[in-house]
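What follows is the residue order along each chain.
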Amino acid sequence: MTYEFLQHYWCFVVALLGALLVFLLFVQGANSLAGSLGYTEEGRRLVYNSTGRKWEFTFTTLVTFGGAFFASFPLFYSTSFGGAYWLWMIILFTFVLQAVSYEFQNKIGNFLGPKTFQFFLTLNGIVGPLLLGGAVATFFEGSNFIIAKDNLIDAGSFTPIISRWANASHGLDALLNPWVLVFGFAVVFLARVLGILYVMNNVDDEDIRCRGSVRLIGAAVPFLILFVAYLIHLLLKDGYAWNPETGVIFMEPYKYLHNLTDMWYLLIILLIGVVLVLYGIGKTIVSKTYISGIWPAGIGTVLTVLALLLCSAWNHTAYYPSTADLQSSLTLANSCSSEFTLRTMFYVSLLVPFVLAYIVYAWRAIDKKKLDKQEIASDHAY
């Protein structure tokens with residue numbers, strides 16, 4: 001195991017966690033449509049209890065994603081999470097509101113009323129995917145930061161901080177880039193598509209399933225338009241490349257298109273993922289009895305996002321470009337942990353399959369019985 005292999009291995013692990021996180025945003029997507037899918041108070045409770053069984057998976061994956069980035073690529077963690085803190089704090093705040101809302105919306109003594117907490121769930125369902133999608137888009141569009149590693153050895157420096165944001169917006173300036181918004185809203189509508197597919201599969205209620213088929217069209221069309229538009233933009237834009245011999249970062253025309261042609265296996269994964277997403281959506285819309293669209297669409301989402309994230313980092317690509325100073329852009333080589341740290345974590349990561357097996361077991365146990373109106377009358381309902 002060479003140092004370069006370990007860098008690529010941990011990039012794959014982080015990218016896989018990010019892809020799983022995007023899939024698990026079906027919780028947020030369904031919550032943002034709860035009033036439309038449920039229509040009645042009883043219907044809304046069915047939706048919230050359906051997603052309430054899974055919100056911990058999403059939150060845990062988000063935290064694990066951040067932790068894996070911190071351990072393997074600490075300079076990215078300190079630059080993005082420390083510099084763009086307004087962006088990340090808003091994301092985390094909406095997820096905290098989500099956790100609180102599930103627990104308290106129907107508790108006795110809730111003086112704010114259920115609708116207040118249901119509004120918080122809707123807010124998280126829109127803002128969470130939008131800002132997470134925007135954060136992912138900065139891997140291709142760039143962020144406004146500066147790296148100054150000389151601060152660590154400069155005796156005249158008053159601070160050991162080696163990365164700083166180049167303006168006072170601390171991450172929110174990314175939303176001024178229209179392509180960041182395009183990708184962010186694509187993730188919002190993808191989360192809605194996955195949320196509808198999940199609720200249709202998980203809730204045993206004919207009214208919700210009928211409305212879900214109609215709402216699916218309304219979410220799938222804007223998602224496809226936004227995603228295709230961004231994908232075309234990505235393949236035609238200049239990308240951030242770096243020379244492995246000198247470490248110099250430079251702009252390369254059609255860089256991400258070249259990445260997909262050079263790494264043909266990522267292109268195959270991307271195409272398979274897109275086909276699976278389209279299959280899950282299309283068959284659910286066409287067939288009145290098909291309710292398993294969440295599985296092909298979910299697997300397709302993971303494969304598509306995984307391919308895009310790896311395309312942003314592998315093949316000598318700067319995965320976190322700086323628009324303020326090109327040479328401050330982060331690559332796998334200049335932002336990773338030491339070889340000892342990556343090697344030690346590699347052996348620890350061999351336990352991951354056991355964790356995944358437990359998650360699959362817990363998921364199947366939770367969903368053994370479809371959710372119905374009788375279950376939301378129990379004491380354990382949200």
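Because the structure is a prediction, the values reported are computed rather than measured. (Residues numbered from 1 in each chain as written. Predicted model: local features only at pLDDT ≥ 70, side-chain atom pairs only at ≥ 80, totals over all residues. Heavy atoms only, no water.)

Take the overall build of the chain next. For the chain, the helix and strand inventory stands at 16 helices and four strands. Against the 2.2 N^0.38 benchmark of 21 Å for 382 residues, the chain shows a C-alpha radius of gyration of 21 Å, consistent with a compact globule. A principal-axis box enclosing the C-alpha atoms of the chain has dimensions of 65 × 45 × 40 Å. Taken over 382 residues, the chain has a buried fraction of 51%. (Helix = DSSP H or I, 4+ residues; strand = E, 2+ residues; numbered from the N terminus. Rg over C-alpha atoms; globule rule 2.2 N^0.38 Å. Buried < 20%, exposed > 50% of the residue type's maximum accessible area, 1.4 Å probe, protein only.)

Below, the discussion takes up the packing of helix α8 (residues 114-141) against helix α9 (residues 178-202). Closest axis-to-axis distance for the α8/α9 pair is 7 Å, and the angle between their directions is 135°. Here α8 is positioned oblique relative to α9, judged by the angle of their axes. Crossing angle aside, the handedness with which α8 passes α9 is right-handed. The residues of α9 that touch α8, namely those facing I126, P129, L130, G133, G134, V136, A137 and E141, are W179, V180, F183, G184, F185, V187, V188, A191 and R192. Grouping the constituent residues of the contact of α8 with α9 by class yields twelve nonpolar, three polar and two charged. (Axes fitted to C-alpha atoms, helices over the stretch in contact; angles between N-to-C directions. Parallel < 35°, antiparallel > 145°, perpendicular 65-115°, else oblique. Left-handed = near helix turned anticlockwise from the far one by under 90°. Contact = heavy atoms within 4.5 Å. Nonpolar A, V, L, I, M, F, W, Y, C, P; charged D, E, K, R; others polar.)

This part takes up the state of the cysteines. A covalent bond between the sulfur atoms of two cysteines is what we call a disulfide. One pass over the full model with this rule turns up zero disulfides. Looking at C336, it has no disulfide partner, and the nearest cysteine sulfur is the one in C11, 11 Å off. Here C336 falls in the buried class, since its relative accessible area comes to 15%. (Disulfide = S-S within 2.5 Å.)

Secondary-structure assignment places P114 in helix α8. A residue is classified by how much of its surface remains accessible, and P114, at 34% relative accessible area, is partly exposed. For the pair formed by P114 and S101, sequence separation is 13 residues and the distance between their alpha carbons is 8.6 Å. Beyond its immediate sequence surroundings of up to four residues, P114 is in contact with Q105 and N106.

Scanning the model with the defined rule gives 37 aromatic pairs in all. With centroids separated by 5.5 Å and ring planes inclined at 55°, the aromatic side chains of F23 and F26 adopt a geometry described as tilted. Here F23 and F26 have matching classes, each one buried. Taken together, a centroid distance of 6.1 Å and an interplanar angle of 65° make the contact between F26 and W363 edge-to-face. Linking F26 in helix α2 (residues 26-32) with W363 in helix α16 (residues 352-366), this pair joins segments that are 337 residues apart in sequence. The class of F26 is buried, set by a relative accessible area of 0%. Judged by its relative accessible area of 12%, W363 is buried. K54 extends its terminal NZ or CZ atom over the ring of W363, reaching a point 4.7 Å from the ring centre. (Phe/Tyr/Trp six-rings, centres within 6.5 Å; stacked < 30°, edge-to-face > 60°. Lys NZ or Arg CZ within 6 Å of the ring centre and 35° of its normal.)

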